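Chain and residue survey
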Amino acid sequence: MDINKLQRENIKNLRPYSTARDEYKGQASIFLDANENSYGSPLEENYNRYPDPLQLDLKDAISKIKGVPIENTFLGNGSDEAIDLLFRAFCEPGKDNVIILPPTYGMYEVSANINNVEIRKVNLLPSFQLDLEGIAEAIDENTKLIFICSPNNPTGNSIIRTDIETVLANFNGLVVIDEAYINYAKQRTFIKELTEYPNLVVLQTFSKAWGLAALRLGMAFAARPVIDVLNKVKPPYNINQATQDIALKALQNIEQVNEWIKITVAERENLSKELATLPIVKKVYPSDANFILVEVENALSTYNSLVDEGIIIRDRSKVTLCEGCLRITVGTPEENVTLLDALKRP
Ligand SMILES: *Cc1c(COP(=O)(O)O)cnc(C)c1O
């Protein structure tokens with residue numbers, strides 16, 4: 001894989017924005033270079049200074065937990081920003097294409113459409129695993145990205161590891177493995193394989209197991225040349241100071257996160273068993289994530305009756321291969337009991 005051929009021509013030639021703080025070297029105590037308010041903020045804490053564009057303190061703390069070097073780490077305003085930047089950096093609008101594997105996360109297609117990049121859909125097999133032949137047939141010389149979501153949203157299963165390795169070994173573009181739900185999975189993460197595959201991009205997020213969806217903080221891990229391109233294209237201050245501060249604090253409380261993961265996985269197994277006993281339920285799909293895909297007799301009427309009880313789940317019944325299915329996030333034990341009670345009522 002040649003990063004120079006992979007990135008868009010205009011990106012290869014791009015001179016990135018140089019921030020005020022990029023341009024001085026050495027020690028300083030008076031900053032009159034960025035037109036900030038020198039007095040402070042009308043708050044208890046000060047946010048008057050622009051944040052570190054490369055978020056080095058936060059990346060250092062993430063690196064200690066993940067074991068991935070800082071130079072292989074990119075932080076985005078949610079993983080959604082990383083997804084968008086992959087399109088903007090690597091896909092020539094109206095010319096290049098990407099491969100997605102429905103049923104899957106909706107943002108890949110939306111991002112492609114925003115960036116006017118052709119989408120090639122290769123449906124998962126009925127087992128929700130990769131159609132390797134179909135993927136091989138869909139690839140041409142303009143295919144830049146393949147998105148593999150594992151554990152997959154909305155189906156909940158992990159993708160067979162050796163199948164992902166087959167794609168990684170045979171595709172010359174970037175293979176983006178979206179591991180938003182990896183903390184709930186039995187399968188190992190791919191972040192340990194970065195040295196093995198120059199074309200691997202692993203996405204993770206603080207929005208799920210870390211309980212920080214409102215902060216908007218996502219991670220992309222990849223080989224250095226890929227990270228360098230993303231850093232060149234990103235808005236200079238894409239992670240705000242409050243997010244950097246709060247995320248650093250959260251990273252010191254990993255025990256709480258691990259405790260919630262254990263409870264969520266136990267609740268997932270329990271909720272799956274209970275759902276399977278309900279007369280309206282036709283199938284409960286096994287899940288490696290913090291949600292469960294369930295096929296029911298009448299998805300829309302079940303969905304609506306839950307809404308009437310003030311319980312919101314996701315209707316996925318119109319989605320490819322998910323006909324008649326609902327996606328239910330695993331809640332607290334109390335929430336799950338309330339859900340089951342509502343589903344038992346005639
Ligand atoms: C929830 C989710 C994300 C998270 O996106 P953020 O922008 O980081 O909140 C990413 N990928 C998938 C598949 C998801 O379901």
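Here is what the cut-offs are and how they apply
Per chain, residue numbering runs from 1 following the sequence as it is written. In view of the model being predicted, local features appear only for residues whose pLDDT reaches at least 70, and side-chain atom pairs are presented and counted only at 80 or more, with totals across whole chains, interfaces and linings using the full set of residues. Hydrogen atoms and water are omitted, and side-chain values are computed over all heavy atoms in the structure. Throughout, exposure labels follow a simple rule: accessible area from a 1.4 Å probe, protein chains only, divided by the maximum for the residue type, with under 20% read as buried, over 50% as exposed, and the rest as partly exposed. Here a strand is any run of E in DSSP of at least two residues, a helix any run of H or I of at least four, and the numbering for each starts at the N terminus. We treat two strands as partners when DSSP finds at least two bridges between them. Under the convention used throughout, the expected extent of a helix is 1.5 Å for every residue step, that is, one less than its residue count. UniProt positions are given in the numbering used here, feature names are shortened, and annotations may be inferred rather than shown by experiment. To obtain an axis, a line is fitted to C-alpha atoms, over the contacting stretch when the element is a helix, and the angle between two such axes runs from 0 to 180 degrees between their N-to-C directions. Every angle not falling under 35 degrees, over 145, or within 65 to 115 is termed oblique; those three ranges are roughly parallel, roughly antiparallel and roughly perpendicular. Here a residue-residue contact requires only that any non-hydrogen atoms of the pair lie within 4.5 Å. Here the term charged refers only to Asp, Glu, Lys and Arg, the term nonpolar to Ala, Val, Leu, Ile, Met, Phe, Trp, Tyr, Cys and Pro, and the term polar to all other amino acids, Gly among them. Residues are labelled near a given molecule or strand when at least one of their non-hydrogen atoms is within 4 Å of it. The term polar contact refers here to a pair of N or O atoms within 3.5 Å; inside protein, the definition further demands a hydrogen-donor-capable atom paired with an acceptor-capable atom, and it admits residues adjacent in sequence only when both atoms are side-chain atoms. Here, Shrake-Rupley sampling with a 1.4 Å probe gives the accessible areas, and only protein chains in the shown set may cover a residue. For salt bridges, the criterion is a side-chain nitrogen of Lys or Arg within 4 Å of an Asp or Glu carboxyl oxygen.

Turning next to the pairing of strand E11 (residues 325-329). Counted residue by residue, E11 has 4 buried out of 5 residues, so it is predominantly covered. In the sheet, strand E9 (residues 291-296) pairs with E11 via 5 bridges, with the strands oriented antiparallel. Paired with phenylalanine 291 across the bridge in E11 is threonine 329.

The next point concerns helix H4 (residues 79-90). Along its 12 residues, H4 runs 17 Å from first to last C-alpha, staying within 8% of the 16 Å computed at 1.5 Å per residue. For H4, a buried count of 10 out of 12 residues is recorded, marking the element as mostly surrounded by other parts of the structure.

What follows deals with the UniProt feature "domain: Aminotransferase class I/classII large" (unreviewed entry) in the protein. According to UniProt, the feature "domain: Aminotransferase class I/classII large" (unreviewed entry) maps to residues 45-343 in the numbering used here. Strand forms 17% of residues 45-343 and helix 38%; the C-alpha atoms that close the span are 47 Å apart.

This next bit is on unusual backbone geometry. Following serine 150, the chain continues to proline 151 via a peptide bond in cis, the omega torsion being -5°. Position of proline 151 relative to the elements: it lies in the loop between strand E4 (143-149) and helix H7 (161-170). Unlike most non-glycine residues, glutamine 55 shows phi in positive territory, near 50°. Its location among the elements puts glutamine 55 in the loop between helix H2 (9-12) and helix H3 (56-66). The backbone of asparagine 116 sits at a positive phi, close to 55°, despite the residue not being glycine. In this structure, asparagine 116 sits in the loop between helix H5 (107-114) and strand E3 (118-121).

A pair of packed helices can be characterised by two numbers: the angle between their axes and the separation between those axes. Running from amino to carboxyl end, helix H10 (residues 254-276) crosses helix H12 (residues 333-344) at an angle of 10°, the nearest separation of the two axes being 11 Å. Relative to H12, the element H10 is oriented roughly parallel. For the pair formed by H10 and H12, the contact residues are Glu267, Leu271, Glu274 and Leu275 on the first element and Pro333, Asn336, Leu339, Leu340, Leu343 and Lys344 on the second. A breakdown of the residues in the contact of H10 with H12 according to their chemical character gives 6 nonpolar, 1 polar and 3 charged.

With respect to spatial proximity, 13 residues lie near the ligand, and among them Tyr181, Thr205, Ser207, Lys208 and Arg216 are the closest. The backbone of aspartate 80 places a nitrogen or oxygen atom 3.1 Å from an oxygen atom of the ligand. For the ligand, an oxygen atom lies 2.6 Å from a polar atom in the side chain of tyrosine 181. When isolated, the ligand has an accessible area of 390 Å², and the protein chains bury 93% of it. Classifying every residue of the shell around the ligand by side-chain character gives 4 nonpolar, 5 polar and 4 charged.

This part takes up the UniProt feature "modified residue: N6-(pyridoxal phosphate)lysine" (unreviewed entry) in the protein. Per the UniProt annotation, the sites labelled "modified residue: N6-(pyridoxal phosphate)lysine" (unreviewed entry) are Lys208. Along the chain, lysine 208 turns up in the loop between strand E6 (200-205) and strand E7 (218-222). Apart from residues no more than four positions distant in its own chain, lysine 208 is found in contact with Ala180, Tyr181 and Tyr184. A polar contact is formed between the side chain of lysine 208 and the side chain of tyrosine 181, at a distance of 3.1 Å.

What follows concerns the pattern of salt bridges. Evaluation of the coordinates by the stated rule reveals 17 salt bridges. For glutamate 9, the salt bridge is made with lysine 12, and the minimal N-O distance between the two is 3.6 Å. In this pair, glutamate 9 and lysine 12 are both assigned in helix H2, 3 residues apart and thus about one turn of the helix distant. Linked through salt bridges whose partners overlap, the residues forming this network are Glu118, Arg120 and Asp140.

Reading across from one edge, E1-E7-E6-E5-E4-E2-E3 is the order of the 7 strands in this open sheet, with mixed pairing throughout. Of all strands in the sheet, those bounded by a partner on one side alone are strand E1 (73-76) and E3. The average angle at which neighbouring strand axes cross in this sheet is 25°, direction not considered. Strand direction decides the pairing type here: strand E2 (residues 97-100) and E4, joined by 3 bridges, are parallel. In the strand pairing of E4, asparagine 97 is matched with threonine 143. Together, E4, strand E5 (174-178) and E6 form the strand contacts of H7, whose direction differs from that of E5 by roughly 155°. Across the face of the sheet, helix H8 (residues 224-233) comes into contact with E1, E5, E6 and E7 while running at roughly 140° to E7.

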